[in-house]
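Chain residues, written in single-letter form:
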Amino acid sequence: MVNDLAPLLTAEGRALLDMVRDTAPADELAVATRLRREHPADLVSAAIGQARLRQRAVPKFGADDAERMFFTPNGVEQSTRASVAGYRAERMKALGVTSVADLCCGIGGDAIALARAGIRVLAVDRDPATAEVARANAEALGLGALIEVREADVTEVDTAGYDAVFVDPARRGGRGRIFDPEAYSPPLSWAVGAALAAPRAALKIAPGVPHEAIPAEAEAEWISDGGDVKEAVLWFGTEPGAVRATLLPGPRTLLGAGLPDPDVRPVGRYLYEPDGAVIRAHLVADVARDLDGGLIDGTIAYVTADTLRPTPYATAYEITDRLPFSVKRLKALLRERGVGILTVKKRGSAVEPEELRRKVLPKGQGPNSATVFLTRVAGAPTMLVGAPAGSAVTAGGAS
């Protein structure tokens, strides 16, 4: 990638990047053939490949940044979403951090967010190609004065002169995603040691990390963006033992109160689906308390209540029907209600939503919409039918 990147940083390379910026995949061959008449073939291929990566990066970084940055395939896949990196950088700033050693910096996404928060960054990565891309990105976004990129083994870097350490260990290997924290590169135990040696630290880890693997000295925070869980962060030098769920945009943060599991109760008029970060953080009890609700089953993270209360931490649905699981009965109910648009959600069910939708919803059945939850209620396979609370059209036709 270093050999690919250097020519792209020349005047000719940058001009080519502008030419191919909006090239659709179906047009790449024709565009490449035309450009190779006047430019080196390797440079044309590199420009088209980089344009393709920039297009893929837009959802994470936004069009304005993505069109100026440089990427590797792994960098697009593994880098932090800009909204999440920005939130974390602002939290660092609020903690009084003015300098950060960003270990395993990748293509520089987190370093960019930290620098934009006014924080000086040492960005370290041992891969020469990745470090070169991170350096190019700092310059491309006008942040070179705040970001020093160093190619080195992070385990050999002296971080003593920095207010905080940020570590984003590699969680993918040759066979895909790595689930064992000690198989991260570097291992989680090393990252925790580096964190404990710093005044403050943040370690980015997979959201599925077992709670028992979280060190007692750490605060654990799960972050979602637009309803999708993106990552977990272990904070050091903040509130040891605290557990948070943070929802973006916002941010809105739920701090756990250490509550016991909610009671199981009969299904009420409303069903609440907690945000994924709330579930990962084991804070469903905190949401249930605020809603004066309980669980529909001791093993299912759905909260039920008799009244509708606003909450940013769960989505509310009004339940119109409760049925034992039966494809035939559901099909008849939807036909009776004139439902032609069906959303299928499941928790605690082995049924595939798309397969069920094909079976129960013939085309052109009606104009109404409904949501069906495939789940368990008091241990029994159950279908709960309804619609988002306040929706103009529900399965029963009421608002």
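Since the structure is predicted, the reported quantities are computational estimates derived from the model, not experimental observations.

### What to know about the overall build of the chain
Then, number 1: Scanning the chain from terminus to terminus reveals 14 helices and 18 strands.
Then, number 2: In terms of its C-alpha atoms, the chain occupies a principal-axis envelope of roughly 65 × 55 × 35 Å.
Then, number 3: Counting every position in the chain, which comprises 399 residues, the buried fraction comes to 49%.
Then, number 4: Intrachain contacts of the chain at a sequence separation of at least 6 include 65% that bridge at least 24 residues.
Then, number 5: A total accessible area of about 18300 Å² is found for the chain, and carbon and sulfur atoms account for 50% of it.
Then, number 6: Positive and negative side-chain charges in the chain, numbering 47 and 51 respectively, have mean positions lying 8 Å apart.

### Points about the UniProt feature "domain: Methyltransferase" (unreviewed entry) in the chain
Then, number 1: In the numbering used here, UniProt assigns the "domain: Methyltransferase" (unreviewed entry) feature to residues 100–167.
Then, number 2: Split by type, residues 100–167 is 31% helix and 28% strand. Its first and last C-alpha atoms lie 10 Å apart.

### Some thoughts on the nonpolar core
Then, number 1: Among the nonpolar cores identified, the biggest contains 56 residues, and F71, M92, V100 and I147 are the most heavily contacted of them.
Then, number 2: Ranked by residues supplied to this core, first place goes to helix α4 (residues 41–61) with nine residues.
Then, number 3: Core analysis: the next-biggest nonpolar cluster, separate from the first, contains 48 residues, W222, A281, A301 and A316 among them.

### Brief notes about the sheet that holds strand β9 (residues 228–236)
Picture the strands of a sheet paired through backbone hydrogen bonds; they go either parallel or antiparallel.
Then, number 1: Read from one edge to the other, the open sheet built from nine strands follows the order β3-β2-β1-β4-β7-β9-β8-β10-β11, with strand pairing classed as mixed. With one partner strand each, in any of the chains shown, β3 (147–151) and β11 (252–255) form the two edges of the open sheet. With direction set aside, neighbouring strand axes in the sheet form an average angle of 20°.

Conventions used here
Residues numbered from 1 in each chain as written. Predicted model: local features only at pLDDT ≥ 70, side-chain atom pairs only at ≥ 80, totals over all residues. Heavy atoms only, no water. Helix = DSSP H or I, 4+ residues; strand = E, 2+ residues; numbered from the N terminus. Buried < 20%, exposed > 50% of the residue type's maximum accessible area, 1.4 Å probe, protein only. Contact = heavy atoms within 4.5 Å. Areas by Shrake-Rupley, 256 points an atom, 1.4 Å probe, with all protein chains shown as cover. Lys, Arg positive; Asp, Glu negative; His and termini not counted. Charge placed at Lys NZ, Arg CZ, Asp CG, Glu CD. UniProt positions renumbered as here; feature names shortened; annotations may be inferred. Core = buried A, V, L, I, M, F, W, Y, C linked by side-chain atoms within 4.5 Å. Pairing = 2+ DSSP bridges. Axes fitted to C-alpha atoms, helices over the stretch in contact; angles between N-to-C directions.

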